Amino acid sequence: MTPPKTALPATAQRTIPFFDLSEQTSELMAELRPAMDRVLGTQRFILGEEVSAFEREIAAYLGVRHAIGVSSGTDALTVALAALGIGPGDEVVTTPYTFFATTGAILRVGATPVFADIERGTFNLDPARVEAALTPRTRAVLPVHLFGQAADMGALRALCRARDLALVEDAAQAVGATIAGQRLGSLGEFGCFSFFPTKNLGAFGDAGLVTTQDDRLATLARSLRSHGFGERHHSLRLGGNFRLDALQAAVLRVKLPHLDRLNAQRRSHAAAYLKAAPPALELPRERAGTEHVYNQFVVRSPARAELAAYLLERGIPSERYYPYPLHLQPTCAPLGYRAGDFPEAEAAAAESLALPIYPELQDWMRDRIGDALAQFRAVPSGSG
Ligand SMILES: Cc1ncc(COP(=O)(O)O)c(C=O)c1O
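Engineer: I'd love a proper account of the packing of helix α2 (residues 22-42) against helix α9 (residues 246-255), names of residues and values included.
Structural biologist: Contact geometry of α2 with α9 gives a least axis separation of 9 Å together with a crossing angle of 135°. Relative to α9, α2 is oriented oblique. In the packing of α2 onto α9, the handedness of the crossing is right-handed. Of the residues in α9, those touching α2 at Gln-24, Leu-28, Glu-31, Leu-32, Ala-35, Met-36, Arg-38 and Val-39 are Ala-246, Leu-247, Ala-250, Val-251, Arg-253, Val-254 and Lys-255. Among the residues making up the contact of α2 with α9, the classes are represented as ten nonpolar, one polar and four charged.

Engineer: Provide a residue-level description of the sheet that holds strand β9 (residues 208-212), including the pertinent values.
Structural biologist: Read across the sheet, seven strands follow the order β1-β9-β8-β5-β4-β2-β3 without closing on themselves; strand pairing throughout is mixed. Each edge of the open sheet is held by one strand with a lone partner, namely β1 (66-70) and β3 (112-115). Taking the axes of each pair of neighbouring strands and ignoring which way they run, one obtains an average angle of 25° across the sheet. Note: strand β5 (residues 166-170) against strand β8 (residues 190-194), three bridges, orientation parallel. Bridge pairing in β8 places Glu-169 opposite Gly-191. Lying over the sheet, helix α7 (residues 153-163) contacts β4 (138-142) and β5, oriented at roughly 150° with respect to β5.

Engineer: Tell me about unusual backbone geometry, and please be specific about residues and values.
Structural biologist: In this model, Tyr-321 is joined to Tyr-322 through a cis peptide bond whose omega is -5°. Relative to the helices and strands, Tyr-322 is located in the loop between α11 (304-313) and α12 (343-351). We note that His-233 has phi near 65°; this positive angle belongs to a residue other than glycine. On the secondary structure map, His-233 appears in the loop between α8 (215-224) and α9.

Engineer: Quick one: what's the story with the site of the ligand, residue by residue and with numbers?
Structural biologist: The ligand sits among 14 residues. The nearest are Gly-73, Thr-74, Asp-170, Ser-194 and Lys-199. In this structure, Ser-194 approaches the ligand through a side-chain N or O atom, which is 2.7 Å from an oxygen atom. Contact between the ligand and Lys-199: an oxygen atom at 2.7 Å from a side-chain N or O atom of the residue. Burial of the ligand by the protein chains amounts to 93% of its free accessible area of 390 Å². The set of elements that each furnish at least two residues to the shell around the ligand consists of α4 (73-83) and α5 (101-108). Here the shell around the ligand takes three residues from α4, the largest share from any one element.

Engineer: I'd love a proper account of the nonpolar core, names of residues and values included.
Structural biologist: In terms of nonpolar packing, the biggest core is built from 40 residues, with Val-93, Tyr-97, Val-130 and Val-141 touching the most fellow members. If you tally residues by element for this core, the top one is α7, at four residues. Not counting chain neighbours up to four residues away, the residues in contact with Val-93 comprise Val-114, Ala-116, Val-130, Ala-133, Leu-134, Thr-138, Ala-140, Val-141 and Leu-142. Membership of the second largest hydrophobic core comes to 28 residues, among which are Val-109, Ala-111, Leu-217 and Ala-218.

Engineer: Describe the packing of aromatic side chains, naming the residues involved and giving the relevant values.
Structural biologist: Considering all chains together, one arrives at 16 aromatic pairs under this definition. Residues Tyr-97 and Phe-147 carry aromatic rings whose centres are separated by 6.3 Å and whose planes lie at 80° to one another, so their mutual orientation is edge-to-face. You can see Tyr-97 sitting in the loop between β2 (91-94) and α5 and its partner Phe-147 sitting in the loop between β4 and α7, a full 50 residues away along the chain. The buried category is assigned to Tyr-97, whose relative accessible area is 1%. For Phe-147, a relative accessible area of 2% puts it in the buried group. With a centroid separation of 5.3 Å and 50° between ring planes, the pair formed by Phe-115 and Tyr-337 is classed as tilted.

Cut-off values and rules
- Residues numbered from 1 in each chain as written.
- Predicted model: local features only at pLDDT ≥ 70, side-chain atom pairs only at ≥ 80, totals over all residues.
- Heavy atoms only, no water.
- Axes fitted to C-alpha atoms, helices over the stretch in contact; angles between N-to-C directions.
- Helix = DSSP H or I, 4+ residues; strand = E, 2+ residues; numbered from the N terminus.
- Parallel < 35°, antiparallel > 145°, perpendicular 65-115°, else oblique.
- Left-handed = near helix turned anticlockwise from the far one by under 90°.
- Contact = heavy atoms within 4.5 Å.
- Nonpolar A, V, L, I, M, F, W, Y, C, P; charged D, E, K, R; others polar.
- Pairing = 2+ DSSP bridges.
- Near = heavy atom within 4 Å.
- Polar contact = N/O pair within 3.5 Å; in protein donor to acceptor, adjacent residues only side chain to side chain.
- Areas by Shrake-Rupley, 256 points an atom, 1.4 Å probe, with all protein chains shown as cover.
- Core = buried A, V, L, I, M, F, W, Y, C linked by side-chain atoms within 4.5 Å.
- Buried < 20%, exposed > 50% of the residue type's maximum accessible area, 1.4 Å probe, protein only.
- Phe/Tyr/Trp six-rings, centres within 6.5 Å; stacked < 30°, edge-to-face > 60°.

Now the structure itself:
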């Protein structure tokens, strides 16, 4: 059937995907295929030269002495904490507002997560509240660079140095982001990265990385990712199978040289949204001296449900990151926290909404999102 002459342009009827890798994959296919074929040619599927080459390349990019490829971001956190000897009886101060894995890794090594509330503007750990949460059992502080923006590393580093505490960065969402010109993940005892496909540097499956500037910790982390082996078949400490696959390393080697460009595209989408958005919305704020890489672009509104419905009517999907603060999740019930303990994290969980921001968003998509934001007027709840 021929559409009537008055039909809207095709794009006006299309829903924008929240995330879509297909364009990136097809753009890079001419590089990806030979890289994957190279691995098939060697038949070396786990660790090996492909993984070592990726480790060298990303270590240079991040400005770290050591990069150790692992099986996921979750496993990166587990390996880092285990390498620091953190376990039962130890406390790790961290944020209640993040993806579950950050706290899950602390629990998995047998240690106790101790939550400190976040700053309102950046969604990241508040150093003053971290300080208030320290006890004689605290062994480490574990900030998350949430949504791609640095936590207050100056204050957190000073605090950890003064008390001889380890600082482990969860940089899963922040590969390529900087603070004072330094890449995140290079500033603590360990940096932990995820290459889950939706991350700014995404593999074709699960993959992760541990980084460190410390030779001794690097040796421990390498051993822990392969059953705690020193020499093969000789286990010195309890580790696991946390190894990176060669096919994932090959994909990541192709994508790494494009990362700064892809991050710049995310930043340019963010700049367009920031320009368009009305005062009715609370917008992401960039900490001075940092470069945010917008793994997510998260706005806040007390009228979140109305905002999400309003966007969806215009073909714009959104996601709640993260709807349940960690201290109120069943897995953390034994820690004894209650609603009201972390008001900033709880408010963020109630009000935050993430908008599409992947690099390949087309102009019409970005324009539609910008226009929708510009025209949004919050309906005060109860006003009907
Ligand atoms: C902040 C944060 N930490 C840790 C992880 C865990 O990474 P992965 O999914 O690769 O295990 C993620 C990934 O979603 C994350 O966003």
